[in-house]
Amino acid sequence: MDRLASMETFVRVVETGSFSGAARQLRVGQPAVSKSVAQLEEYLGVKLLTRSTRGLTPTEAGLGYLERARRALEEAAEAELAARGAGAGLKGRLRICGAVTFARIHLIPLLPQFMAQNPDLDLEVVLDDRQIDLVQEGIDVALRMGKMMDSTLTARRIARCKRLVLGTPAYFDRAGTPSTPSELSKHQAVVYLQGEGSVWSFRRESTELAVSVQSRLRVTAAEGVRAAVLAHAGLTIASEWMFTPELRSGAVRAVLSEWTLPPLDLWAVLPTGRSATAKARAFVTFFERAFNA
């Protein structure tokens, strides 16, 4: 049994969800794929796949093996590139994770440039406002914002931006413009449930002030916050990154600019217990330079 080939076959089966899909990608017959996976399960002494009417899904042992098999295949590919003197060329697949709004505005537009620089590299971008399990999802590098609560993660801060109190001119014309944080209690706030919540903390020189805002609209995704604010439903706290196009065009404006809010950090995060691949390192270097340019 060719262990590396069997690993690749197993990974393709999981990714396509079927033996036939893996066979098409590998350009072999379906019986060969089934035999390869069966031999691998026999060699390991565990069941890797569960067969049901809905297709093939990895067992718990299969999920653990899947991540390590992917890593072994990537490291083998990098070893081949280095041996051939082509270490600068990136090949294979890179899985990137980021928040939906940030990725739409700031990440996706930069990817064509990165792809042009690496024509043999395929990208998969997982968009999710939640902090998903990077190992279980097979993520190579994630872009995350806020505080890094998990000290076991390998994280590198690549940017920082201001948080602002934002609203549309139409909203402020209707509801008035707050001149102090305490006046926010008279306004309707659009609350981002994955952000600050209903208590907003301000600072000016040595003065610190926490304000509880009134909100009839609470949203779990940044795209919903954007849509609500742009529909003049209320004001919100948001990073400059979330409303970059609208701040430039004047579609939204910031108030209480003499007060500061805690800044927002952007991190490049790698899965726990994994050494960064050449692809992940190259992407982080590229994105940091392009984003901060």
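Conventions and cut-offs
Residues numbered from 1 in each chain as written. Predicted model: local features only at pLDDT ≥ 70, side-chain atom pairs only at ≥ 80, totals over all residues. Heavy atoms only, no water. Helix = DSSP H or I, 4+ residues; strand = E, 2+ residues; numbered from the N terminus. Buried < 20%, exposed > 50% of the residue type's maximum accessible area, 1.4 Å probe, protein only. Contact = heavy atoms within 4.5 Å. Pairing = 2+ DSSP bridges. Axes fitted to C-alpha atoms, helices over the stretch in contact; angles between N-to-C directions.

Asks: Just checking my understanding: could you explain the environment of Y43 for this structure?
Replies: Here Y43 shows up in helix α3 (residues 30–44). Given a relative accessible area of 49%, Y43 falls into the partly exposed group. Each C-alpha atom of the pair Y43 and M1 lies 8.9 Å from the other, and the pair is 42 residues apart in sequence. Residues in contact with Y43, not counting those within four places in the same chain, are M1 and R3.

Asks: Teacher, can you tell me more about the pairing of strand β9 (residues 199–204) here?
Replies: One face of the sheet, then the other: side chains in a regular strand alternate in exactly this way. Pairing of β9 with strand β10 (residues 207–212), which is carried by six bridges, proceeds in the antiparallel orientation. Counted as the bridge partner of V199 is S212 from β10. Counting the residues in the hairpin turn of β9 and β10 gives two residues, including E205, whose phi is positive at 55°.

Asks: Teacher, can you tell me more about unusual backbone geometry here?
Replies: Peptide bonds are trans in most cases, and residues, glycine excluded, mostly fall at negative phi. Positive phi outside glycine occurs at R27, with the angle close to 60°. Note on placement: R27 falls in the loop between α2 (19–26) and α3. Using a relative accessible area of 78% as the deciding quantity, one classes R27 as exposed. You will see that H232, though not glycine, has its phi angle at about 70°, which is positive. Along the chain, the position of H232 falls in the loop between α8 (222–230) and β12 (236–239).

Asks: Can you help me understand the sheet that holds strand β6 (residues 154–161) in this one?
Replies: Sheets are built from strands that pair by backbone hydrogen bonding, the pairs being arranged parallel or antiparallel. On the basis of which strands lie adjacent, the open sheet formed by five strands has the order β4-β3-β5-β14-β6 and mixed pairing. Where the open sheet ends on each side, the last strands, each with one partner, are β4 (121–127) and β6. On average, adjacent strands in this sheet sit at an angle of 20° to one another, irrespective of strand direction. Here strand β3 (residues 92–98) runs beside strand β5 (residues 141–145); their pairing, made up of three bridges, is parallel. Across the sheet, the residue bridging to I96 is V141, located in β5.

Distances and angles like these do not, on their own, reveal function.
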